[in-house]
Each structure stands twice: as structure tokens, then as C-alpha cells.
Amino acid sequence: MGTNSVYLMPFGSQLTAAEYAGRAKAVLMETGIISEPDEDGIFYNGKRSTEAFQREPGDDEYGFELGQIFSGPHFTVAPDEYVDAVFCPRCEANITEQWASAIQDEEGNRNEKDLREERVMCPKCGCGFRPDEVKGETVDKFYLTDRFVCFWNARWPKREWLADFDRRMECVHEVFEYGWT
Ligand SMILES: [Zn+2]
């Protein structure tokens, strides 16, 4: 199994980001999928972690390696990993460097800066774009979001598990997988 990340990206959530995170934590812990998340929302396998994901022969007893419930309060761009190059959506210039510095805070941390007002400037055509508006080489689409659940080194979630998760979370999740192939 390769190295990937599987994002559950919520759409139509009426909760605050903090409420979303609290609910996701409760649901995922109650069903044994995850361990208790730390203050950054990072979690490990619960006792029944495999129940959420499709299985292939030879898979081990873990459904994933590590994961995160992200709940802002600021907006970040997802994914920020597995991005090897991004391009200007207007003139196709390589703006990877500009993008990378736009999504980091002063200390170089990703995921900790509010990106709603952030603009990535293209040095070639001079246009500015939101960090989710750029074109990725390996990533089809970026999302500007204040909430998501992601799992690293996981298979695609089971359809029925995801339907149940949607129902409990009162919104719809789309699944996005990123990784090196
Ligand atoms: Zn450009």
C-alpha cells in the first residue's frame, strides 16, 4: 500500500467548526474508529478502525496510520501535502514557491494561518489568486475550508459507513484521495 491521504470534506455543514470537530470526535470515538485526538486534532487507530474502510487481501489490522480532525477556527487549504507543483490558472507559470510561502505563517507552519484573504501572486502575469484557485500538477482541486477529517495511509471509506457518518454529522462528505502513485 502506498502513501496517501484520504480526506472527508464536508459540504452543507450548519455547525460551527468547533461543533463539527466535537461531533466528529464523538462519532468516530464512539464507533471505535479513532483514538482520542490530541489538541491539534491528531488521532490514531481505534480498536475497530478497519470498519470504516474498504479492505484488500493482505491488509493489516489497522484501517489507517494517523489522522486529523481539522476545525480551524481559521480557513486553511486542503490538501497541503502531496503537492509537488502548482501553476497559475491564467498563464500556467509555475508558482509553487509563491503558493508555498502564501500558505505558511511566519514560522513556516502550514495549517495555522487564515487563508481567506491570502493571495498568491503570479510573477509572470501579475494576477492574484486565492490559495485554492491555483492549478495543481498532482492535485485536481484544492479546497479552502475550516473543517475536515483526514486519514493518512488509508483505503477508500466504505459507502455504507460514509452514509452513516454523513447522517450523524448532518452534512454530506465528499471523499478525496491524494498521494504519490
Ligand atoms: Zn500568471
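Structure first, text after, so check above.
Here's a quick rundown of the structure.

Basis of the calculations
- Residues numbered from 1 in each chain as written.
- Predicted model: local features only at pLDDT ≥ 70, side-chain atom pairs only at ≥ 80, totals over all residues.
- Helix = DSSP H or I, 4+ residues; strand = E, 2+ residues; numbered from the N terminus.
- Rg over C-alpha atoms; globule rule 2.2 N^0.38 Å.
- Core = buried A, V, L, I, M, F, W, Y, C linked by C-beta atoms within 7 Å.
- Buried ≥ 20, exposed ≤ 12 C-beta atoms within 10 Å, placed from the backbone.
- Domains from an automatic or database assignment.
- Contact = placed C-beta atoms within 7 Å.
- Pairing = 2+ DSSP bridges.
- Axes fitted to C-alpha atoms, helices over the stretch in contact; angles between N-to-C directions.

It is worth spelling out the overall build of the protein chain at this point. Secondary structure summary: the protein chain contains three helices and 11 strands in total. From first element to last, N terminus to C terminus, the protein chain shows the α and β order β-α-β-β-β-β-α-β-β-β-β-β-α-β. At 17 Å, the protein chain has a C-alpha radius of gyration in line with the 16 Å of a compact globule built from 181 residues. With the C-alpha coordinates of the protein chain rotated into their principal frame, the extents come out at 50 × 35 × 30 Å.

Glancing now at the nonpolar core. Ranked by size, the top nonpolar core spans 35 residues in total, and within it I95, W99, V134 and F148 carry the most contacts. Residue assignment places this core across two domains, with domain 1 (4-73 + 146-179) and domain 2 (81-142) each supplying three or more. Setting aside residues up to four positions removed in sequence, V134 forms contacts with V86, F87, P89, I95, W99, V120, F129 and F142.

Further remarks concern the sheet that holds strand β3 (residues 66-70). Strand order across the open sheet formed by five strands is β2-β3-β10-β1-β11, with antiparallel pairing between neighbours. Either end of the sheet is taken by a strand with one partner, and the two such strands are β2 (42-43) and β11 (172-179). Pairing of β2 with β3, which is carried by two bridges, proceeds in the antiparallel orientation. Paired with I42 across the two strands is Q68, which belongs to β3. Each of β1 (4-11) and β11 is contacted by helix α3 (residues 159-169), which is oriented at about 125° to β11, the strand it contacts most.

Consecutive residues of a regular strand have side chains that alternate between opposite faces of the sheet. Sheet topology places β1 next to β11; eight bridges connect them, and they run antiparallel. Bridge pairing in β11 links P10 to H173. Pairing analysis gives four bridges linking β1 to strand β10 (residues 148-152), with the strands arranged antiparallel. By the bridge assignment, V6 is partnered in β10 with F151.

Turning to its location among the elements, N153 is positioned in the loop between β10 and α3. The class of N153 is partly exposed, set by 17 C-beta atoms lying within 10 Å. The sequence separation of N153 and E170 amounts to 17 residues, and the corresponding C-alpha distance is 26 Å.

Just distances and angles here, no functional claims.
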